[in-house]
Amino acid sequence: MIYLWAFIIGGLICVIGQLMMDVGKLTPAHTMAILVVAGAVLDGLGLYEPLIKFAGAGATIPITSFGNALVHGAFYEMDTHGLIGIITGIFEVTSAGISAAIIFGFLASLVFKARA
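All values derive from a computational prediction rather than experimental measurement.

The rules we used
- Residues numbered from 1 in each chain as written.
- Predicted model: local features only at pLDDT ≥ 70, side-chain atom pairs only at ≥ 80, totals over all residues.
- Heavy atoms only, no water.
- Phe/Tyr/Trp six-rings, centres within 6.5 Å; stacked < 30°, edge-to-face > 60°.
- Helix = DSSP H or I, 4+ residues; strand = E, 2+ residues; numbered from the N terminus.
- Buried < 20%, exposed > 50% of the residue type's maximum accessible area, 1.4 Å probe, protein only.
- Axes fitted to C-alpha atoms, helices over the stretch in contact; angles between N-to-C directions.
- Parallel < 35°, antiparallel > 145°, perpendicular 65-115°, else oblique.
- Left-handed = near helix turned anticlockwise from the far one by under 90°.
- Contact = heavy atoms within 4.5 Å.
- Nonpolar A, V, L, I, M, F, W, Y, C, P; charged D, E, K, R; others polar.
- Expected span 1.5 Å × (residues − 1).

**A short note on the packing of aromatic side chains**
Part 1 of the argument: A complete count under the given rule lists one aromatic pair for this structure.
Part 2 of the argument: For the ring pair Trp 5 and Phe 54, a centre distance of 4.8 Å and an interplane angle of 45 degrees mean the geometry is tilted. Residue Trp 5 is located in helix 1 (residues 2-22), and its partner Phe 54 is located in helix 3 (residues 48-55); the two are separated by 49 residues in the primary sequence.

**So, the environment of Met 78**
Part 1 of the argument: Positionally, Met 78 belongs in helix 5 (residues 64-81).
Part 2 of the argument: Judged by relative accessible area, Met 78 falls into the partly exposed class, the value being 29%.
Part 3 of the argument: Distance in space between the C-alpha atoms of Met 78 and Thr 88 is 8.7 Å, their sequence separation being ten residues.

**What about the packing of helix 5 against helix 6 (residues 84-111)?**
Packed helices, taken two at a time, are described by the angle their axes make and the gap between the axes.
Part 1 of the argument: Contact pair helix 5 / helix 6: the axes reach a minimum separation of 6 Å and the direction vectors enclose 140 degrees. Between helix 5 and helix 6, the angle is such that the two are oblique. Of the two possible hands of crossing, helix 5 and helix 6 adopt the one that is right-handed. Residue-level contacts link Phe 66, Ala 69, Leu 70, Gly 73, Ala 74, Glu 77, Met 78 and His 81 of helix 5 to Ile 84, Gly 85, Ile 86, Thr 88, Gly 89, Ile 90, Glu 92, Val 93, Thr 94 and Ile 98 of helix 6.
Part 2 of the argument: Within the contact of helix 5 with helix 6, the residues separate by chemical class into ten nonpolar, six polar and two charged.

**Focus on the environment of Ala 33**
Part 1 of the argument: By secondary structure assignment, the location of Ala 33 is in helix 2 (residues 28-44).
Part 2 of the argument: Ala 33 gets classed as partly exposed once you look at its relative accessible area, which sits at 41%.
Part 3 of the argument: Put simply, Ala 33 and Ile 63 are 30 residues apart on the chain and 9.0 Å apart in space, counted from C-alpha to C-alpha.

**Description of unusual backbone geometry**
Part 1 of the argument: A positive phi is found at Lys 25, a non-glycine position, where the angle reads about 55 degrees.
Part 2 of the argument: Take Lys 25: it is sitting in the loop between helix 1 and helix 2.
Part 3 of the argument: Note on Lys 25: relative accessible area 68%, which makes it exposed.

**Here we look at helix 2**
For an α-helix, 3.6 residues make a turn, and residues three or four places apart therefore share a direction.
Part 1 of the argument: The terminal C-alpha atoms of helix 2 lie 24 Å apart, and with 17 residues this matches the ideal 24 Å at 1.5 Å per residue to within 8%.
Part 2 of the argument: Residues of helix 2 that are buried include every one of Thr 31, Leu 35, Val 36, Gly 39, Ala 40 and Asp 43, and no others.
Part 3 of the argument: Contacts made by the buried residues of helix 2 are with helix 1, helix 3 and helix 5.
Part 4 of the argument: The first or second residue beyond helix 2 is Gly 46, which carries a positive phi of 80 degrees.

See below:
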């Protein structure tokens, strides 16, 4: 049953993003930013963790989970190290994903030619 809920919740998040681009005429960058902020706000309100427990990968794979990771890491480090933990927590939790994006983006730029 967890696979069904993961499919439904993950698909629903993707449908929301697609509707934002098709109906709302937002650019992919705006859509991505809104979804990341939505994930951060939901985690700040304590609503994203129950969604992860309910839907599993359906909630952790979409871009909204990046916002969740930012806030979750900041809150954790704030509890551990105080105010400075807010800044360090954001980078500690998400550094692997950010580093991978930079490295693979660079490698792709070496292989493919950009359109003018």
